[in-house]
Amino acid sequence: MRRYALLIALSWVLTLGAAALQGSPDDLEPDTVAVTIDGREHRFAGPMAGSVTDIGNGLARIIIALRDDAGGVMLQLSADVPAELKWDELHLDTRYFDISMVYKSRDLQFLIVPTLQMARGSGGALRGSEDGDKRVSSRRAPEWRRMDRDERIARGRGIVREESLEGSVLFLVQRTVTEAGMTEFRGTFSGVAVIPGEGKARRRVVIKDGKYRVGVRGR
């Protein structure tokens with residue numbers, strides 16, 4: 001039974017991943033987001049923007065955000081990517097990349113983040129040594145900080161599991177388009193959000209046919 005459930009879940013992931021490749025955001029009007037969430041179609045044309053911020057360690061954070069005050073909706077997509085790739089065409093998902101989606105409306109709220117994340121803490125074990133009459137303390141970096149993602153997962157070191165969101169996934173495909181001196185993010189997205197309930201109860205919300213065409217600020 002468990003194996004059958006895993007196969008069903010895998011088929012969902014493959015289907016949603018393929019869906020993120022379909023549909024063209026080029027057909028949208030500028031500053032528009034369209035998506036089907038929990039079976040309901042939405043089309044937003046309120047205040048929205050895309051942005052890119054260098055966050056250090058060779059990474060850049062891409063954000064696509066909108067706020068529809070009339071409809072009481074806030075939606076944000078974000079992705080941390082290598083800085084040198086921030087203007088490239090990107091194919092991302094939460095299984096391998098640090099991407100997220102936040103959605104808030106009057107009757108539904110959810111968050112999608114990677115259920116397996118790489119720890120980023122700089123703490124480590126303190127060690128001391130005697131230096132004359134003074135005791136010198138230094139902090140030794142934990143071993144997992146020198147491991148890549150695959151090695152951390154294999155050894156179970158330097159990772160954080162979001163068990164309450166297990167089963168959630170997000171796919172995002174994005175490209176940067178510059179025309180007539182204007183730069184836009186155009187992309188598609190899909191996924192599944194898991195909303196924890198009481199005890200072991202959990203609700204799954206399907207996000208599909210998502211696409212956006214949003215102007216980029218600051219470029």
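Along each chain, numbering runs from 1 in the same order as the chain's sequence is written. At least 70 in pLDDT is required for a residue's local features to be given in this predicted model, at least 80 for side-chain atom pairs to be given and counted, and no such filter applies to totals for whole chains, interfaces and linings, which use all residues. Neither water nor hydrogens contribute to the side-chain values; these are computed over all heavy atoms in the structure.

### A word on the pairing of strand β1 (residues 32–37)
Here is step 1 of the chain: Among the 6 residues in β1, 6 count as buried, and that is most of the element.
Here is step 2 of the chain: Exposure categories follow from relative accessible area, calculated using a 1.4 Å probe and restricted to protein chains: below 20% of the type maximum is buried, above 50% is exposed, and the middle band is partly exposed. Helix numbering and strand numbering both begin at the N terminus, where a helix is a DSSP run of H or I of at least 4 residues and a strand a DSSP run of E of at least 2. Every second residue of β1 is oriented toward a common face, with Thr32, Ala34 and Thr36 on one face and Val33, Val35 and Ile37 on the other, all of them buried.
Here is step 3 of the chain: Pairing of β1 with strand β15 (residues 202–215), which is carried by 5 bridges, proceeds in the antiparallel orientation. Bridge assignment links Ala34 to a residue of β15, and that residue is Lys211.
Here is step 4 of the chain: Two strands make a pair as long as DSSP finds a minimum of two bridges between them. Between the end of β1 and the start of strand β2 (residues 40–44), which pair antiparallel, lie 2 residues, with Asp38 showing a positive phi angle near 55°.

### Some thoughts on the confidence of the model for the protein
Do not read the predicted coordinates in detail wherever pLDDT is low.
Here is step 1 of the chain: Overall, the predicted model of the protein reaches an average pLDDT of 81, with 79% of residues at or above 70.
Here is step 2 of the chain: The predictor attaches a confidence to each residue, called pLDDT, with possible values from 0 through 100. Here a residue-residue contact requires only that any non-hydrogen atoms of the pair lie within 4.5 Å. Across residues 122–130, where pLDDT falls below 50, the model places 23 contacts with residues more than four positions away in sequence or in other chains.
Here is step 3 of the chain: Segment residues 134–138 is flagged for pLDDT under 50; beyond a separation of four residues in sequence, or across chains, it makes 13 contacts in the model.

### What to know about the packing of aromatic side chains
Here is step 1 of the chain: Pairing of aromatic rings covers Phe, Tyr and Trp, the last through its six-membered ring, and needs centres within 6.5 Å; plane angles under 30 degrees mean stacked, over 60 mean edge-to-face, and all others mean tilted. Under the definition given, this model contains 3 aromatic pairs.
Here is step 2 of the chain: Measuring from centroid to centroid gives 6.2 Å for Phe189 and Tyr212, while their planes differ by 35°, and the two rings are tilted. One end of the pair, Phe189, is in strand β14 (residues 182–196); the other, Tyr212, is in strand β15, with 23 residues separating them in the sequence.
Here is step 3 of the chain: Taking the relative accessible area as the measure of exposure, Phe189 reaches 1% and is therefore buried.
Here is step 4 of the chain: For Tyr212, a relative accessible area of 1% translates into the label buried.

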